[in-house]
Every structure is written in C-alpha cells, then in structure tokens.
Amino acid sequence: MPIDVEAALASELPARNFSWDEDRVILYQLGLGAGSPPTDPRELSYAYEGDLAVLPSFGTIAASTSMAAIGAARGVDINWALLLHGEQDLEIERPIPPSGEVVSRPRIAHIYDKGRAALMVVEVTSTDRRTGELLFTNRASLFIRGEGGWGGDPGPKAGHQAPSRSPDHIVRSPTLPQQALLYRLSGDKNPLHADPAFAALGGFDRPILHGLCTYGIVCKAAVDAVLGGDPARARRYRARFTGVVFPGETVVTRMWEEEEKVLLEASVEGREGTVLSNAAMWVS
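Residues numbered from 1 in each chain as written. Predicted model: local features only at pLDDT ≥ 70, side-chain atom pairs only at ≥ 80, totals over all residues. Heavy atoms only, no water.

Of note, the amide linkage connecting Ser36 to Pro37 takes the cis form, showing an omega dihedral of 0 degrees. Position of Pro37 relative to the elements: it lies in the loop between helix 2 (22-31) and helix 3 (41-47). Even without a glycine there, the phi angle at His160 is positive, about 60 degrees. Looking at where His160 falls in the secondary structure, it is placed in the loop between strand 5 (134-145) and strand 6 (169-174). Non-glycine residue Asn278 carries a positive phi angle of around 45 degrees. Note that Asn278 resides in strand 10 (residues 274-283). Overall, the relative accessible area of 16% leaves Asn278 in the buried class. (Helix = DSSP H or I, 4+ residues; strand = E, 2+ residues; numbered from the N terminus. Buried < 20%, exposed > 50% of the residue type's maximum accessible area, 1.4 Å probe, protein only.)

Spelled out as structure tokens, the structure:
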C-alpha cells in the first residue's frame, strides 16, 4: 500500500526520554575506535572520565530510540525490509555534556518522491529535560524503495560535493575486526552487524559495520584534524551513506577546509568507491 503523505506528515509521534552518563559516552567513543594509542592525551580525552570530550555525533545515539516511533505514524504502511538509511544531518545547539537527560520529539518532516522510491525525512529534536533548552536536532533521510512515483516534490538536490583539488587533510582510521560487536552496545542491535547468517540474507558474506559508526568515525577524524580535538567547535554535521565498511577495514577520510565548514568524503583503503559522500561539518 502506498504511503499516505498527508496522513504521515500530520501524524503526532510519541516523545521519549534518554539519559546518559560518562560510561555510556566512553563506550560509544570506544565503538568508533577512540583510545588508540591509549597513552595519547587526545585519545585519552575520549576514553577517560578525567576530562571527557564528547563527540557531537553522540547526538545520534540520544535520538535513535525515537526513530522507531515512525512505525506508529498514520499512512506509513511499508515493507520495512526495503528501507535504507540514506543521509544523516545533525545540528548541535550547544556542546553535549558528559552526562544528561533529554526529551526527544520525533516528527515526519518531509516525504519526497524519488520516482522508484520515497525519501522520508524524520526530524528528532532533543531538549534538556531539566531546562527545556534545545541541545541538538537529528534529521534522518530514509530511502524507501518501491514507494515513489506519485508525482510529488522530488526534494532538494545533493550538495557538498568534494572539490577537485587535493584535500587539506587525510586521516586513516583502522577499525577492529570486532568493531561492530563493540559499537552495537551503544544501542543498535540489528543482527546485520553481528550474525553472519543474517548478513548473508542481505547479500553480504559477513556482517557489516553500522552506517552511523562510519558517520562517527568520520566525525572524529574531522574533529581531530581540523578542530584541534575540540568537539565544541562543531555546529552541524551532515553526510550521505554511499557504501559499506566491513569490520577490520581502514576508513580513509579526506577533508577540504572552507570558510565556515569542512567538506568531507570517506572511502575504504584498498577498495574503490566512497562509503560517505556529500558530507560537511559546519564549524565555529
């Protein structure tokens, strides 16, 4: 049954609370490969509570439980197996603290007609439960195959293409063979990232790394190389998922500095193609 666009956009979705502490932040950042080498002061700042730095991409974890709420939306009767995570856009209003609690409120913000698919943008605003201040906003673009073709708005074109000139920075981020098993402890228990038999059903010869893990790895590379290890300077981070990473591979992030943002592109060492593209981080 096709998506009922008007009903979906008008749906009121339930809010959810999410709390975290230093241990949860450290676990997330270890899941991105932080802490190597463990004697490096900058790496230790991500993995030790002494003076803990919180990567802005942690905001995707705090909002992830609210994403499931779209299943309760009216007019969204789809085959969930045909859904792909296409893009992630995160706006950070103020630095994420090492511990806290937010109220995350999801809504279906847009539904675009891509011809052979629909593109649903789910927006989740997360406010401090104590003060009511907005901390960050996530926008996940979900590509739903087989649901397009009703003649609707195709949506904006992709931007933030990588320049033709040589990158200003290149960072190699090795992943562990067990990286996905570690990252999944932050909340995404999809068996695609752990169970070889389930991965085979999806056409992969072994489990793949979470897309949001790759997103976080690239975020850390940019914070380290461009922002001097200061996550508080990141204001927004957006990227398109264009390929998969297998645990144990090395992610190579290329960066081009512009006036108010850094353009990003990531690939896997030894393989052609990108795994993250049309990416940018806005900085202060």
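After that view of the structure, there is still more to cover.
Bringing the sheet that holds strand 2 (residues 83-92) into the picture now. If you trace the ten strands from one edge of the open sheet to the other, you get 1-3-4-5-2-7-10-9-8-6, paired in antiparallel fashion. In the strand order of this sheet, the two ends are held by strand 1 (16-20) and strand 6, each with one partner. Across the sheet, the axes of successive neighbouring strands diverge by a mean angle of 20 degrees, strand direction being ignored. In this sheet, strand 5 lies alongside strand 4 (residues 117-128) in antiparallel orientation, the contact comprising eleven bridges. In the strand pairing of strand 5, Met120 is matched with Leu142. Helix-sheet contacts for helix 7 (residues 211-225) involve strand 2, strand 6, strand 7 (234-241), strand 8 (250-257), strand 9 (261-268) and strand 10, and the interaxial angle to strand 7 is about 135 degrees. (Pairing = 2+ DSSP bridges. Axes fitted to C-alpha atoms, helices over the stretch in contact; angles between N-to-C directions. Contact = heavy atoms within 4.5 Å.)

A few words now on the packing of aromatic side chains. The full count for this structure, using the stated rule, is seven aromatic pairs. On the numbers, 4.1 Å between centres and 25 degrees between planes, the contact of Tyr215 with Tyr237 is stacked. A residue pair is termed long-range when its members are at least 10 positions apart, and Tyr215 in helix 7 and Tyr237 in strand 7 qualify at 22 residues. The exposure classification of Tyr215 matches that of Tyr237, with both residues buried. (Phe/Tyr/Trp six-rings, centres within 6.5 Å; stacked < 30°, edge-to-face > 60°.)

The subject of this paragraph is the pattern of salt bridges. Tallied over the full model, the rule gives 15 salt bridges. Ionic pairing is found between Arg238 and Glu87, a salt bridge with its closest N-O pair at 3.3 Å. One end of the pair, Arg238, is in strand 7; the other, Glu87, is in strand 2, and 151 residues separate them in sequence. Of the residues examined, Arg238 reaches a relative accessible area of 26% and is grouped as partly exposed. A salt bridge links Arg107 to Glu123; the shortest N-O distance between them is 3.0 Å. Remark: Glu123 occurs in strand 4 and Arg107 occurs in strand 3 (residues 100-113); sequence separation between them is 16 residues. Counted as one network, the salt bridges with shared partners bring together Asp89, Glu91, Arg107, Glu123, Arg139 and Arg236. (Salt bridge = Lys/Arg side-chain N within 4 Å of Asp/Glu carboxyl O.)

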